[in-house]
Structure formats: C-alpha cells, structure tokens
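Here's the letter readout for the chains.
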Amino acid sequence: MRQRLSSEPDRYRGRRRVPTPPRSRYAVVGTAAFVGAGVVALGAANLTDYKDVHQSVLHDLDSAQISQDIQARNGDKADRSERAGTESTDTTAAKTLSDADVEAQAWVLPLQDYTFTAPFGMRLGKLHSGIDLAAPEGSPYQAVHAGTVTSAGYQGGYGFAITIKHTDGTEAVYAHSHRLLVKTGDVVKAGQVIGTVGNTGYSYGTHLHLEIHVAGKPVDPIPLMRENGADVKLKIESPYS
Ligand SMILES: [Zn+2]
C-alpha cells in the first residue's frame, strides 16, 4: 500500500519534536495544513520517549505485555534514530525501519481540513457514537492509525463505511463516504488515504463520521486521539511527542 502516497515518510520525518511535559504533550508541532507537505527533515527525530505516544491507551487496555514490547523496540530504535536523524534524504534500511516504527504508532488527523460539527455524546435521546467533521464531497480522508481493514462497504445508516482494527485492539470506523479506496483485508498505515468524504447513509450533510472503539465499545475520539498526539479540536498533530 506504500505506493499510494509515495512521499508519505516525509510527513513524519519533517516534524520537529518539541519536548513537552507529560500532561500537555499534544502541544504544538504541526498543523493540519502542514500534513503531507513533503517537508524535508528540519531536525533530528528523537524517538527516545516515543513510548509515551501510546501509554494512555495501553494503560486503559491494561496491556502490559504490549507496553513491554514497545519499550523493548524503543531501545533498539532510539539508537538508529540518533544516527539517521541528520540525514534528510537517506534511504537506508535502518532509516526505513525507523520510519516504519513511527508509522506503526502514530495517530494523525483524518482530514487535511474540516469543520468540527458534532461531538460524541447523547443527541436527541440517542448516543452519537462518533464525531462529525464536515468537508467538501470527495475530500480524501486518511486512516488515523495503522491497522487492518475489517470491513469496507455499504452499512445501512453508516452508508459507505470502513472499519479498521488497530494493532492495540482499538478500532476506527469511517462513515458516510462518497468512495471507499480500500477493501477488507488491506493493511493501512496512519495517514494513508482510505476514502473520500460523502453524504451516504443517514447523513444530514457531507461529512466524515469517525468512531473509535475501545474493547468493542465506542468512546469519545477527542481525548483518546489527543492523548496520542492528534488534537481534532485544535487541528494539531504531533506523532513524535
Ligand atoms: Zn456522526
């Protein structure tokens, strides 16, 4: 699937990591407009405390084993990152592996630009089980996190929808699409374009309805994604933080 967006690694490499306190680690690195600009490296990508990216989710899921695995990989990865960090255009195997590690863990925003139109929560006596992001019909949207497509097709009120299962067990659902660009079984990475925004199913306007499921149940995507470096409200993402 890498051929779909050949410049993909640059969007990770171009981020400047800014050390932040643990409770505000989503603060400021890039904006949605910055994403996909193909920016060449501005500085070393220090992944040393990269494990922070997923700690909250892992904690919630009580997945101590996964956490240990990530920490074990981090030790290895940090060394490589230090060496490769100053080379902006290198294509060595070590650097590629490092990028792949980042891609496997990063959470990003689903759209380049959007208007936040509806929060997760009770609405008209029913649970609105996701968030709504309005954007023009046909706008490409991307996976917020790496995983495997477990369904892609027309699903009643969701219209044309995609479900992706992430490696940490969480799931993302993308609904009301105009077009679907992946199929069941596809392995996708964070930031990969998977569909276009539409108005299919029970939809009151062209928008992306995004759900995140933890342990099979929908949760508010906003705090979960913010804890993982992607702030939907502020339109900021910082996969290195
Ligand atoms: Zn919705």
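Just so we're clear, the structure is a prediction, and the values are computed from it rather than from any experiment.

**Describing the overall build of the protein chain**
Reasoning step 1: In terms of regular secondary structure, the protein chain is built from five helices and 15 strands.
Reasoning step 2: Every one of the 241 residues in the protein chain was classed for burial, and the buried ones make up 49%.
Reasoning step 3: Summarising the internal contacts of the protein chain: among those between residues at least 6 apart in sequence, 67% fall at separations of at least 24.
Reasoning step 4: Carbon and sulfur atoms make up 56% of the accessible area of the protein chain, which amounts to about 10800 Å² in all.

**A short note on the nonpolar core**
Reasoning step 1: One finds Tyr174 and Ile194 to be the most contacted residues of the largest nonpolar core, which totals 28 residues.
Reasoning step 2: Those elements giving two or more residues to this core turn out to be β5 (131-134), β8 (160-166), β9 (171-180), β11 (193-197), β12 (207-214) and α5 (221-227).
Reasoning step 3: Here this core gets four residues from one element, more than from any other, and that element is β12.

**A closer look at the coordination of the zinc ion**
Reasoning step 1: At the metal site, the zinc ion is ligated by His128 (NE2), Asp132 (OD) and His209 (ND1), and these contacts range over 1.9 to 2.1 Å.
Reasoning step 2: Sequence positions of the donors to the zinc ion reduce to the motif H-x3-D-x76-H. Asp132 matches His128 in its accessibility class, with the two residues each being buried.

**Some thoughts on the confidence of the model for the protein chain**
Reasoning step 1: Looking at the protein chain, pLDDT values average 73 and 58% of them are 70 or higher.
Reasoning step 2: Confidence over residues 1-92 falls short of pLDDT 50; this stretch has 151 contacts with residues more than four positions distant or in other chains.

**Brief notes about the pairing of β12**
Reasoning step 1: Of all eight residues making up β12, eight are buried, and the element is well covered by its neighbours.
Reasoning step 2: Residue alternation in β12 divides its side chains into two sets, His207, His209, Glu211 and His213 and Leu208, Leu210, Ile212 and Val214, and both sets are buried.
Reasoning step 3: As paired elements, β5 and β12 share four bridges and run antiparallel to each other. Paired with Asp132 across the two strands is His209, which belongs to β12.
Reasoning step 4: Bridging between β9 and β12 involves five bridges; their strand directions are antiparallel. Across the sheet, residue Ala172 finds its bridge partner in β12, namely Ile212.
Reasoning step 5: In textbook terms, the turn of a hairpin is the stretch between consecutive antiparallel strands, and for β12 and strand β13 (residues 217-219) this stretch comprises two residues, one of which, Ala215, has a positive phi near 55°.

What counts and what doesn't
- Residues numbered from 1 in each chain as written.
- Predicted model: local features only at pLDDT ≥ 70, side-chain atom pairs only at ≥ 80, totals over all residues.
- Heavy atoms only, no water.
- Helix = DSSP H or I, 4+ residues; strand = E, 2+ residues; numbered from the N terminus.
- Buried < 20%, exposed > 50% of the residue type's maximum accessible area, 1.4 Å probe, protein only.
- Contact = heavy atoms within 4.5 Å.
- Areas by Shrake-Rupley, 256 points an atom, 1.4 Å probe, with all protein chains shown as cover.
- Core = buried A, V, L, I, M, F, W, Y, C linked by side-chain atoms within 4.5 Å.
- Donors = N, O, S within 2.8 Å, 3.2 Å for Na, K, Ca; no water.
- pLDDT = per-residue confidence, 0-100.
- Pairing = 2+ DSSP bridges.

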